[in-house]
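Secondary and tertiary structure notes
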Amino acid sequence: NTLILSYSRTAAASIAAKAGKEYKSSTIHSLCFHDLGAVPQQMMQGRQIEEFCKLIKIPAPDEGFDRYDPSVHQYEIYNYARTAGIDPLEAYFRYGDLVDFTFSEYVYFVKSLQRYKEVFGLYEFHDLLEKFDPTDAPRNLLIDESQDNSYILTTAIEKLVVKWVKRIYLVG
C-alpha cells in the first residue's frame, strides 16, 4: 500500500485522480490532524487569532500573516521560528531589528499564546506536526514537492518513515 503526500488538498486530489484508487493521497497536515483526532473547530485560525490578540491587547496581524516571513508582528516571528525549527524566543534575537516590540512583550505574547491554546483546546498547524505520532501507515510513501519541505514538515515525515515506511519516493 502506498500513500502520496502533498502540500495542498488540490494537489493531493489531482495526484489521487491520476494515480488510481489503490493509492491513498493526503496532505501531511490532514494526516497529522486525523492522527490526533482533532476536529476543525480546534484549529486556531483567523478568528481565534484575532480574538487572542484582542485579549492580550495587541493589534491582530494583517492579512497574509501566514506567509512565514518575519515582519513586525509577534505572530509572524513565532510562526517563522516554529517552521524553521528554532526556539520562538531565540527568533526574537535573530529578527529583533525587524520588530517594534520589546523582548518582554514578545515573551508575554508567546506564553499567552501557549496558555490560550491550552485553555481552549486549540491547535495550530505547527502543533499538529509536532505532536504527530503515527499509529499506522503504509509501507510505501511518495512525497510530492519534497523540495518545499520545511524543517518541521521534515520532522513529521521522519516520524512516519522511522516507524512504518519501508520505501520512500521523493518528487521535486
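What you see is a predicted model; the values in this text were computed from it and never measured.

**Here's the deal with the pattern of salt bridges**
The final tally for this structure, using the stated rule, is 9 salt bridges. The salt bridge partner of glutamate 51 is arginine 47, with a shortest N-O separation of 3.0 Å. Residue glutamate 51 and its partner arginine 47 are both found in helix α3 (residues 46–55); the two are separated by 4 residues, about one turn of the helix. Judged by relative accessible area, glutamate 51 falls into the partly exposed class, the value being 38%. With relative accessibility at 53%, the residue arginine 47 sits in the exposed group. The closest approach of N and O atoms between arginine 115 and glutamate 118, which form a salt bridge, is 2.7 Å. A residue pair is termed a helical-turn pair when its members lie 3 or 4 positions apart in one helix, as arginine 115 and glutamate 118 do in helix α6 (residues 103–120) at 3 residues. Given a relative accessible area of 47%, arginine 115 falls into the partly exposed group. For glutamate 118, a relative accessible area of 58% translates into the label exposed.

**A word on the packing of α3 against α6**
Packing of α3 against α6 brings their axes to within 11 Å, and their N-to-C directions diverge by 125°. Relative to α6, α3 is oriented oblique. In the packing of α3 onto α6, the handedness of the crossing is right-handed. Contact residues: α3 offers Gln48, Glu51, Phe52 and Leu55, while α6 offers Phe109, Ser112, Leu113 and Tyr116. Classifying every residue of the contact of α3 with α6 gives 5 nonpolar, 2 polar and 1 charged.

**What about the pairing of strand β2 (residues 23–27)?**
Sheet analysis places strand β1 (residues 2–6) next to β2, joined by 5 bridges and oriented parallel. When the sheet's bridge partners are listed, serine 6 is paired in β2 with threonine 27. You can see the chain leave β1, run along helix α1 (residues 9–19) and come back into β2, and the turn it takes is right-handed.

What counts as what
Residues numbered from 1 in each chain as written. Predicted model: local features only at pLDDT ≥ 70, side-chain atom pairs only at ≥ 80, totals over all residues. Heavy atoms only, no water. Salt bridge = Lys/Arg side-chain N within 4 Å of Asp/Glu carboxyl O. Helix = DSSP H or I, 4+ residues; strand = E, 2+ residues; numbered from the N terminus. Buried < 20%, exposed > 50% of the residue type's maximum accessible area, 1.4 Å probe, protein only. Axes fitted to C-alpha atoms, helices over the stretch in contact; angles between N-to-C directions. Parallel < 35°, antiparallel > 145°, perpendicular 65-115°, else oblique. Left-handed = near helix turned anticlockwise from the far one by under 90°. Contact = heavy atoms within 4.5 Å. Nonpolar A, V, L, I, M, F, W, Y, C, P; charged D, E, K, R; others polar. Pairing = 2+ DSSP bridges. Right-handed = clockwise from strand over helix to strand, strands pointing away.

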